[in-house]
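Chain by chain, the residues:
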Amino acid sequence: MTDTFPATAPKLGLYPVVDSVEWIARLLEAGVRTIQLRIKDCEDHEVEDAVREAIALGKQYRARLFINDYWRLAIKYHAYGVHLGQEDLDVADLAAIREAGLRLGLSTHDDAELDRALALRPSYIALGHIYPTQTKDMPSAPQGVVELKRHLSRLQDVPTVAIGGISLARVPEVLATGVGSIAVVSAITQAADWRAATQQLLSLVENGIEPAKVM
Ligand SMILES: Cc1ncc(COP(=O)(O)OP(=O)(O)O)c(N)n1
Ligand SMILES: Cc1ncsc1CCOP(=O)(O)O
Ligand SMILES: [Mg+2]
């Protein structure tokens, strides 16, 4: 049987996904405790400083800092965790990530990808995209909250994250599915007032989540 990746909190709460150390610093200062650095399409050496600094900030704030894509750097600088997509799974050294003690989050879009992800026993599973998004080109259609709920019924024992097109106004219907975390990009980074947006999202998403024993 495949070994399990280290546990993360059962409910990860608000999960901003951002593309710079500046955003990581701002959002940690604002009270965010689950966050991802997502810088696309660079060589490792081009993002190494950013990855190292983001990981150091994550440790300083005792936050759950996930690195998207750059799993070798995440291992090198002992990140809290790594987020990988389905294509990344074909090339990443999952055993090395697990042996280094990093948490693993995986993207899924449909039942077949859920099967594959579940077999790898990751720390969390992300489901998306839920609504249309301007942030990433998606080859598939948005799944919507009915399909999200159906997928969640297969995921009783693994922390879950919903992503894609989730605005402040849509948060209540996404939370009503029972998903444990809401990942957002533009709801924060494109907001007229990112501080106000972050506080509103934090109070909507994290209201009622017990301070987790598992970090
Ligand atoms: C929380 C979360 N969910 C999904 C994704 C998408 O990851 P991936 O499929 O690897 O696509 P890219 O983000 O690398 O373009 C994510 N980053 N975070
Ligand atoms: C990275 C990613 N993966 C699936 S949708 C998405 C982008 C989400 O961005 P937004 O919250 O702005 O729709
Ligand atoms: Mg990726």
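Model, not experiment: these values are computed from the prediction.

## Description of the coordination of the magnesium ion (ligand 3)
Donor atoms from the polypeptide that bind the magnesium ion (ligand 3) are Asp 69 (OD) and Asp 88 (OD), placed at 2.1 to 2.8 Å. Residue Asp 69 is located in the loop between strand S3 (64–68) and helix H3 (71–76), and its partner Asp 88 is located in helix H4 (residues 86–89); the two are separated by 19 residues in the primary sequence.

## Here's the deal with the UniProt feature "binding site: 4-amino-2-methyl-5-(diphosphooxymethyl)pyrimidine" (unreviewed entry) in the protein chain
Per the UniProt record, "binding site: 4-amino-2-methyl-5-(diphosphooxymethyl)pyrimidine" (unreviewed entry) is found at Gln 36, Leu 37, Arg 38, Ile 39, Lys 40, Asn 68, Ser 107 and Lys 136. Structurally, Gln 36 can be placed in strand S2 (residues 34–37). For Gln 36, a relative accessible area of 5% puts it in the buried group. Ignoring any residue separated from it by four or fewer positions in sequence, one finds Gln 36 in contact with Tyr 15, Pro 16, Val 17, Val 18, Ile 24, Phe 66, Asn 68, His 83 and Tyr 124. Looking at Gln 36, its side chain comes within polar contact range of the side chain of Tyr 15, at 3.0 Å. Its location among the elements puts Lys 136 in the loop between strand S6 (124–128) and helix H7 (144–152). A relative accessible area of 42% places Lys 136 in the partly exposed class.

## A word on the site of ligand 2
By nearness alone, every residue bordering ligand 2 is listed as Arg 38, His 129, Thr 133, Thr 135, Lys 136, Met 138, Ile 163, Gly 164, Gly 165, Val 184, Val 185 and Ser 186. At 2.5 Å from an oxygen atom of ligand 2 is found a side-chain nitrogen or oxygen belonging to Thr 135. Take Val 185: an N or O atom from its main chain is 3.0 Å from an oxygen atom of ligand 2. Alone, ligand 2 offers 380 Å² of accessible surface; in the complex the protein occludes 93% of this. Residues belonging to the shell around ligand 2 are distributed by class as follows: four nonpolar, six polar and two charged.

## So, the side chain of Ser 181
Considering the arrangement of structural elements, one finds Ser 181 in strand S8 (residues 181–184). At 2.7 Å, the side chain of Ser 181 and the backbone oxygen of Gly 13 are in polar contact.

## Some thoughts on the site of ligand 1
In the neighbourhood of ligand 1, 16 residues make up the surrounding shell, with Gln 36, Arg 38, Lys 40, Ser 107 and Lys 136 lying closest. Measuring from an oxygen atom of ligand 1, one finds a side-chain N or O atom of Ser 107 at 2.9 Å. Interatomic distance of 2.8 Å between a side-chain N/O atom of Lys 136 and an oxygen atom of ligand 1. Here ligand 1, which alone exposes 420 Å², has 93% of that area covered by the protein. Those elements giving two or more residues to the shell around ligand 1 turn out to be strand S4 (81–84), S6 and strand S7 (160–163). The residue inventory of the shell around ligand 1, partitioned by class, reads six nonpolar, five polar and five charged.

## Considerations on the packing of helix H1 (residues 21–29) against helix H2 (residues 44–60)
Axis separation between H1 and H2 bottoms out at 9 Å; the angle between their running directions is 10°. Viewed along their axes, H1 and H2 adopt a mutual orientation that is roughly parallel. When H1 is examined against H2, the residues Val 21, Ile 24, Ala 25 and Leu 28 are found in contact with a partner set consisting of Ala 50, Glu 53, Ala 54, Leu 57 and Gly 58. Of the residues belonging to the contact of H1 with H2, the class tally is seven nonpolar, one polar and one charged.

Cut-offs used in this document
- Residues numbered from 1 in each chain as written.
- Chains lettered and ligands numbered in written order.
- Predicted model: local features only at pLDDT ≥ 70, side-chain atom pairs only at ≥ 80, totals over all residues.
- Heavy atoms only, no water.
- Donors = N, O, S within 2.8 Å, 3.2 Å for Na, K, Ca; no water.
- Helix = DSSP H or I, 4+ residues; strand = E, 2+ residues; numbered from the N terminus.
- UniProt positions renumbered as here; feature names shortened; annotations may be inferred.
- Buried < 20%, exposed > 50% of the residue type's maximum accessible area, 1.4 Å probe, protein only.
- Contact = heavy atoms within 4.5 Å.
- Polar contact = N/O pair within 3.5 Å; in protein donor to acceptor, adjacent residues only side chain to side chain.
- Near = heavy atom within 4 Å.
- Areas by Shrake-Rupley, 256 points an atom, 1.4 Å probe, with all protein chains shown as cover.
- Nonpolar A, V, L, I, M, F, W, Y, C, P; charged D, E, K, R; others polar.
- Axes fitted to C-alpha atoms, helices over the stretch in contact; angles between N-to-C directions.
- Parallel < 35°, antiparallel > 145°, perpendicular 65-115°, else oblique.

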